[in-house]
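Read off the chains here:
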Amino acid sequence: MNRIFDFLKEEDGIGTVEMILILVVLISLVIIFKDQLTALVNDIFSQITSKSSSIY
C-alpha cells in the first residue's frame, strides 16, 4: 500500500511547463524555417510522384 502512495507522490516526469516550453520551441522553429520546410516537402512529393509514375 505504501508503494502506491509513494508512486502517486512521485513528481518525476515531464511537467506542464516543460511540455509548453518544448512546444513553443518547436513551433518557433517551424515558423522560422517555414520556407525551407515547404521547399523540402514539395521536393519530396515531386520525387515521389515522378518515381511512382515510373512504377506503373
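About the thresholds
- Each chain has its residues counted from 1, following the order in which its sequence is written.
- In keeping with the model being predicted, local features are shown solely for residues with a pLDDT of at least 70 and side-chain atom pairs are shown and tallied solely at 80 or more, while totals for entire chains, interfaces and linings include all residues.
- Only hydrogens and water are set aside; all other atoms, that is, all heavy atoms of the structure, feed into the side-chain values.
- Elements are defined by DSSP. Helices are runs of H or I of four residues or more, strands are runs of E of two residues or more, and each kind is numbered from the N terminus.
- A radius of gyration in this sense is built from C-alpha atoms; the matching globule rule multiplies 2.2 Å by the number of residues raised to 0.38.
- We call a residue buried when its accessible area falls under 20% of the maximum for its residue type, exposed when it is over 50%, and partly exposed in between, using a 1.4 Å probe and counting protein chains only.
- Accessibility throughout is a Shrake-Rupley quantity obtained with a 1.4 Å probe, and a residue counts as covered only by protein chains that appear here.
- Counted as positive: Lys and Arg. Counted as negative: Asp and Glu, with His and the chain ends omitted from the count.
- Here the site of a charge means atom NZ of a Lys, CZ of an Arg, CG of an Asp or CD of a Glu.
- Geometry is summarised by axes, namely lines fitted to C-alpha atoms with helices restricted to the contacting stretch, and by angles between N-to-C directions that run from 0 to 180 degrees.
- Between 65 and 115 degrees an angle is taken as roughly perpendicular, under 35 as roughly parallel, over 145 as roughly antiparallel, and anywhere else as oblique.
- Any pair of residues with heavy atoms lying within 4.5 Å of one another is described as a contacting pair.
- Under this grouping Gly is polar, as are all residues other than the nonpolar Ala, Val, Leu, Ile, Met, Phe, Trp, Tyr, Cys and Pro and the charged Asp, Glu, Lys and Arg.
- A residue's pLDDT is the confidence the predictor assigns to it, expressed on a 0 to 100 scale.

1. Describing the overall build of the protein
A count of helical and extended segments in the protein gives three helices and zero strands. Listing each helix as α and each strand as β along the protein from the N terminus yields α-α-α. For 56 residues, the compact-globule formula gives about 10 Å, and the C-alpha radius of gyration of the protein, at 22 Å, lies well above that figure. Scored against the burial criterion, the 56 residues of the protein give a buried share of 0%. Total accessible area computed for the protein in this model is approximately 5600 Å², and 68% of it derives from carbon and sulfur atoms. Taken together, the 4 basic and 7 acidic charged side chains of the protein have centroids lying 7 Å from each other.

2. What about the packing of helix 2 (residues 16–32) against helix 3 (residues 34–55)?
The packing of two helices is summarised by the inter-axis angle and the distance between the axes. Viewed as axis vectors pointing N to C, helix 2 and helix 3 meet at an angle of 75 degrees, and their least axial separation amounts to 5 Å. Our classification of the angle between helix 2 and helix 3 gives roughly perpendicular. Here Val 30, Ile 31 and Ile 32 of helix 2 come into contact with helix 3, specifically with Lys 34, Gln 36 and Leu 37. Classifying every residue of the contact of helix 2 with helix 3 by side-chain character gives four nonpolar, one polar and one charged.

3. Comments concerning the confidence of the model for the protein
Regions with low pLDDT should not have their predicted coordinates read in detail. In this model, the protein carries a mean pLDDT of 86, and residues with pLDDT of at least 70 account for 91%. Within the protein, helix 2 carries the highest mean pLDDT (93), whereas helix 1 (residues 2–9) carries the lowest (75).

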